[in-house]
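So the chains spell out like this:
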Amino acid sequence: WSQQFSAPKEQRPLLDVLFLDAARGFAVGAYGAFYETADGGGTWRARAVLEEDRHLNGIVSLGEGRLLIIGESGTLLRSEDAGRTWTAVKSPYAGSLFGAVPLPGGVVVAFGLRGRVLIDFARLHVVFREEVPKLIAALGPEAVAFGSHLPFDYAGGSLVKLENLADRPAAE
């Protein structure tokens with residue numbers, strides 16, 4: 001291992017890193033920290049993607065050049081052009097979001113404070129939100145298939161069935 005970047009005087013810890021390929025990558029973190037590299041991490045450039053100084057807790061690739069940043073106070077930012085531009089997405093939840101998992105069929109599951117989960121279909125239009133088990137954070141895209149029953153340790157244990165709702169109309 002060798003350190004690629006350090007900026008301790010900024011006091012903005014990094015919370016997640018995503019590389020699109022061997023050269024192009026992003027790092028997000030506390031107080032709106034956003035850095036990008038085009039040389040495999042040899043150099044990093046800071047960039048503002050949010051006007052507020054909210055914590056950016058995670059960044060994920062949704063495929064086909066689509067990216068999602070999740071963060072504090074329900075922050076959701078999307079990019080349709082592999083991170084060149086970012087657009088805020090209105091969130092139905094004002095608490096912190098800690099991560100997201102892209103699933104088959106264009107579904108995105110974002111998880112956050114107090115077990116809050118946002119389930120998003122197609123192009124980041126949130127159509128369902130519910131309090132669900134905290135173990136959603138342990139799920140990975142390869143562990144979930146539509147129609148599967150997922151065990152959760154929540155209020156004594158339960159099973160949740162994930163159904164493909166991508167063909168249903170979005171809620172207003």
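What counts, and where the lines are drawn
- Residues numbered from 1 in each chain as written.
- Predicted model: local features only at pLDDT ≥ 70, side-chain atom pairs only at ≥ 80, totals over all residues.
- Heavy atoms only, no water.
- Helix = DSSP H or I, 4+ residues; strand = E, 2+ residues; numbered from the N terminus.
- Contact = heavy atoms within 4.5 Å.
- Areas by Shrake-Rupley, 256 points an atom, 1.4 Å probe, with all protein chains shown as cover.
- Phe/Tyr/Trp six-rings, centres within 6.5 Å; stacked < 30°, edge-to-face > 60°.
- Buried < 20%, exposed > 50% of the residue type's maximum accessible area, 1.4 Å probe, protein only.
- Pairing = 2+ DSSP bridges.
- pLDDT = per-residue confidence, 0-100.

Peer 1: How should the overall build of the protein be read in this particular structure?
Peer 2: When helices and strands are tallied, the protein shows zero helices and 14 strands. Ordering the α and β elements of the protein from the N terminus gives β-β-β-β-β-β-β-β-β-β-β-β-β-β. Long-range pairs, those at least 24 residues apart, make up 30% of the contacts in the protein between residues at least 6 apart in sequence. Total accessible area computed for the protein in this model is approximately 9,800 Å², and 53% of it derives from carbon and sulfur atoms.

Peer 1: Mind showing me how you'd approach the packing of aromatic side chains here?
Peer 2: The geometry of an aromatic ring pair is captured by the separation of the ring centres together with the interplanar angle, meaning the angle of the planes. All chains considered together, the criterion is met by three aromatic pairs. An angle of 80° between the planes, with centres 6.0 Å apart, marks the rings of Phe19 and Trp44 as edge-to-face. With Phe19 in strand β1 (residues 14–19) and Trp44 in the loop between β3 (34–37) and β4 (45–46), this residue pair connects regions lying 25 residues apart in the sequence. Taking the relative accessible area as the measure of exposure, Trp44 reaches 18% and is therefore buried. Summarising the aromatic geometry, the rings of Phe34 and Trp86 are spaced 5.8 Å apart at their centres and angled 70° between planes, so their arrangement reads as edge-to-face. Of this pair, Phe34 sits in strand β3 while Trp86 is found in the loop between β7 (76–79) and β8 (87–88), placing the two residues 52 residues apart along the sequence. Take Phe34 and Trp86: they sit in the same class, and that class is buried.

Peer 1: Explain the side chain of Ser96 to me, please; I cannot follow it from the model alone.
Peer 2: With respect to the helices and strands, Ser96 occurs in the loop between β8 and β9 (97–103). When its relative accessible area of 17% is taken as the criterion, Ser96 is described as buried. Ignoring any residue separated from it by four or fewer positions in sequence, one finds Ser96 in contact with Gly71, Glu72, Ser73, Gly74, Gly112 and Leu113.

Peer 1: Can you walk me through the sheet that holds β1 in this structure?
Peer 2: Two pairing modes exist for strands in a sheet, parallel and antiparallel, and in both the strands are linked by backbone hydrogen bonds. The antiparallel open sheet is built from four strands, whose spatial order is β1-β2-β3-β4. Across the chains shown, the open sheet's two edge strands, defined by having one partner strand only, are β1 and β4. Relative to β4, β3 is paired through two bridges, and the arrangement is antiparallel. When the sheet's bridge partners are listed, Glu36 is paired in β4 with Arg45.

Peer 1: Can you help me understand the sheet that holds strand β6 (residues 66–71) in this one?
Peer 2: Reading across the sheet, the four strands line up as β5-β6-β7-β8 and stay open at both edges, with antiparallel pairing between neighbours. Both outer strands of the open sheet, β5 (56–63) and β8, are each paired with one neighbouring strand and no more. Note that β5 and β6 share six bridges and pair antiparallel. Within β6, the position partnered with Gly58 by the bridge is Ile70.

Peer 1: Even after reading the chapter, I still don't get the confidence of the model for the protein, so can you show me in this structure?
Peer 2: Confidence along the protein averages 75 in pLDDT terms, with 67% of residues attaining 70 or more. Under a pLDDT of 50 for its full length, residues 121–172 has, in the predicted model, 87 contacts with residues more than four places off or in other chains.

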